Amino acid sequence: MVRRSGAVGRPSSLRDVVRRAHLGMALMAMALAGSLLLLAGLVALRAHLESNLQLVARSVAYTVEAAVVFKDTEEAGQTLARMLAREGVARAVVRDAGGAVFAQWQGAEPGLRARTGQALARLALLAPAVAPIRYEGAPMGTVELRGDGQALLNFVLTGLAALLACTAVSGAVGLLLARRMLRDMVTPLQALAQVARAVRRERATGLRVPPARLAELHELGDDFNALLGELELREALLQQKNAELQQRALHDSLTGLPNRACFEQHLQAAIARARGAGQAMALLFIDCDRFKQVNDTHGHAAGDALLVEVSRRLQAQVRAGDVAARLGGDEFAVVMAPPAAQADAQALAGRVAAAMREPLVLKGGGVLRPEVSAGVAVFPRQGEDMESLLRSADAAMYEVKARRGRRTTDV
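Keep in mind that what you see is a predicted model, and the values were worked out from it rather than measured.

Conventions we followed
Residues numbered from 1 in each chain as written. Predicted model: local features only at pLDDT ≥ 70, side-chain atom pairs only at ≥ 80, totals over all residues. Heavy atoms only, no water. Helix = DSSP H or I, 4+ residues; strand = E, 2+ residues; numbered from the N terminus. Contact = heavy atoms within 4.5 Å. Buried < 20%, exposed > 50% of the residue type's maximum accessible area, 1.4 Å probe, protein only. Core = buried A, V, L, I, M, F, W, Y, C linked by side-chain atoms within 4.5 Å. Patch = residues over 30% accessible without salt bridge, like charges linked within 9 Å, V, L, I, M, F, W, Y side chains within 5 Å. Areas by Shrake-Rupley, 256 points an atom, 1.4 Å probe, with all protein chains shown as cover. Salt bridge = Lys/Arg side-chain N within 4 Å of Asp/Glu carboxyl O. Lys, Arg positive; Asp, Glu negative; His and termini not counted. Charge placed at Lys NZ, Arg CZ, Asp CG, Glu CD. Disulfide = S-S within 2.5 Å. Expected span 1.5 Å × (residues − 1). Pairing = 2+ DSSP bridges. Axes fitted to C-alpha atoms, helices over the stretch in contact; angles between N-to-C directions. Parallel < 35°, antiparallel > 145°, perpendicular 65-115°, else oblique. Left-handed = near helix turned anticlockwise from the far one by under 90°.

*Asks:* Would you take a moment to explain the side chain of Ser 388 for this structure?
*Replies:* On the secondary structure map, Ser 388 appears in helix 11 (residues 386-403). Leave out the neighbours within four places in its chain, and Ser 388 touches Gln 382 and Gly 383.

Right, dumping it as structure tokens:
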């Protein structure tokens, strides 16, 4: 036998697999959709910021025109500070016609948020805005503005927060949907597995799977219930056949009495009980008188009728707990359950002999007068085991026949 290397973990349940798959798909879909929306918003916001930054640059160029013409750098710096303090500009540079720096303005000392915004602006490729400075149509210099990226940062932070919130809501909704799906799909499968386990372990073929809401699982449950019905029917038929076979194996087919095999089992058990309790038990050995003559004179059908009637009358005389059996041919026996003394056995033999004297009217009109000879053996006086008791009872039966002068050679 080949064993696979490595430890095999416990298999995941269908409930866990479906829940993880549903939640994973919901989160993935939400993350993908949110990311695409965030990217689209960034692109739109970048275009808007570039346009707005260009408008601010033109306004600054118009305002500082006089300061540049009159070479007033201080006025130009104050104008930049006054106009750009709240316009989302990180740095502004005013150059003269020769390209030299005429005036410049720097935003507040950059902290973590400012550096993050500027890095995001560079990452988003937010281009600086450049506007020309003209006086009476002649170029006097340029204004260059760089955005601080705070608008982009605020948008990203807000978008991420919204994305997280939507993801949480989507996860909760996914769990609810997964729970509903599990109720409709896993619950019927669990019921089917429980019924199958009960059938396998307890042979409970009478159980049935409840109907499911899903059509496919409902059909599966119907097929499984039909299979259980067939198994239940087959098991009932098998039990019936087994009972019939056991009946045939341990009972005489003509009289219905226990046969020799069954008789020996009861006799062994009675001897064991009597020995264990220190009590006596008795055995009657019974033989039909002139049975061969009945067969020869009236036919085998009459002989069978006689045997059936003898068995019926015999059963009517035994005590509760005693076992009457047909050993074969015209021989019968009675195992008297302990306690049973010699007097009890003789009394039963007398009742049996008296019951047999009543005439038997055959279907063809003939009349038979049954007679039997019964021998008695008592445990442990006449035998301490089955063989010795049988021999003693058989010998006692033949002594009864001899005393009555009716000993026969019946088979």
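That covers the picture; the talk isn't over yet.
*Asks:* Please explain the environment of Val 143 as it appears in this structure.
*Replies:* Relative to the helices and strands, Val 143 resides in strand 4 (residues 138-147). Under the relative-accessibility criterion, Val 143 is labelled buried at 0%. The sequence separation of Val 143 and Ala 103 amounts to 40 residues, and the corresponding C-alpha distance is 9.5 Å. With near-sequence residues (within four places) excluded, Val 143 lies in contact with Ala 57, Val 60, Ala 61, Val 64, Val 93, Val 94, Ala 129, Val 130, Ala 131 and Ile 133.

*Asks:* Looking at this structure, how should I read the nonpolar core?
*Replies:* Side chains of nonpolar character tend, in soluble globular proteins, to be buried together. Among the nonpolar cores identified, the biggest contains 30 residues, and Leu 284, Ile 286, Leu 314, Phe 332, Val 334 and Met 336 are the most heavily contacted of them. Looking at this core, the elements that each hand over two or more residues are strand 5 (281-288), helix 8 (291-298), helix 9 (300-317), strand 7 (331-336), helix 10 (342-356) and strand 10 (372-379). In contact with Ile 286, other than residues within four places in its own chain, are Leu 314, Asp 330, Glu 331, Phe 332, Val 334, Val 352, Val 372, Ser 373 and Ala 374. Counting 22 residues, the second-largest nonpolar core is a separate cluster that includes Leu 84, Ala 131, Val 143 and Leu 145.

*Asks:* Would you mind going over a negative patch on the surface with me for this structure?
*Replies:* A cluster of acidic residues, Glu 216, Glu 219, Asp 222 and Asp 223, forms a negative patch on the protein surface. By the secondary structure assignment, Asp 223 is in helix 6 (residues 215-250).

*Asks:* Is there a simple way to think about the state of the cysteines in this case?
*Replies:* Think of a disulfide as a covalent bridge from one cysteine sulfur atom to another cysteine sulfur atom. For the structure shown, the criterion picks out zero disulfides. The thiol sulfur of Cys 262 is not disulfide-bonded, and the nearest other cysteine sulfur, from Cys 288, lies at 20 Å. The class for Cys 288 is buried, based on a relative accessible area of 1%.

*Asks:* Please explain helix 10 as it appears in this structure.
*Replies:* One turn of an α-helix holds 3.6 residues; hence residues three or four places apart share an orientation. A rise of 1.5 Å per residue sets the reference length of helix 10, with its 15 residues, at 21 Å; its end C-alpha atoms lie 21 Å apart and thus fit the reference within 8%. Where helix 10 is buried, its residues meet strand 5, helix 9, strand 7 and strand 10.

*Asks:* Can you help me understand the environment of Gly 88 in this one?
*Replies:* The topology assignment puts Gly 88 in the loop between helix 3 (73-84) and strand 1 (89-96). Placed 60 residues apart in sequence, Gly 88 and Asp 148 show a C-alpha to C-alpha distance of 5.5 Å. In contact with Gly 88, not counting residues within four places along its chain, are Gly 147 and Asp 148.

*Asks:* How do you make sense of the sheet that holds strand 7 when you look at a structure like this?
*Replies:* Consider a sheet: its strands pair through backbone hydrogen bonds, and that pairing is either parallel or antiparallel. With respect to topology, four strands assemble into an open sheet ordered 6-7-5-10, the strand pairing being antiparallel. Looking at the sheet topology across the chains shown, the edges are occupied by strand 6 (323-328) and strand 10. If you compare each strand with its neighbour and ignore which way they point, the axes differ by 20° on average. Bridge count for strand 6 against strand 7 is five bridges, and the pairing is antiparallel. By the bridge assignment for strand 7, Ala 325 is matched with Ala 333.

*Asks:* Which parts of the structure should I look at to understand a nonpolar patch on the surface?
*Replies:* On the surface, Val 169, Val 173 and Leu 177 cluster together into a nonpolar patch covering about 250 Å² of accessible area. Given the relative accessible area of 52%, Val 169 is considered exposed.

*Asks:* Can you walk me through the packing of helix 9 against helix 10 in this structure?
*Replies:* Angle between the axes and distance between the axes are the two parameters that describe a pair of packed helices. As a packed pair, helix 9 and helix 10 sit with axes 9 Å apart at the nearest point and diverge in direction by 140°. With respect to helix 10, the element helix 9 is oriented oblique. Helix 10 is crossed by helix 9, and the crossing has right-handed handedness. Judged by residue contacts, Val 310, Arg 313, Leu 314 and Gln 317 of helix 9 engage Leu 348, Arg 351, Val 352, Ala 355 and Met 356 from helix 10.

Everything listed here is a matter of coordinates, which is why it stays silent on function.
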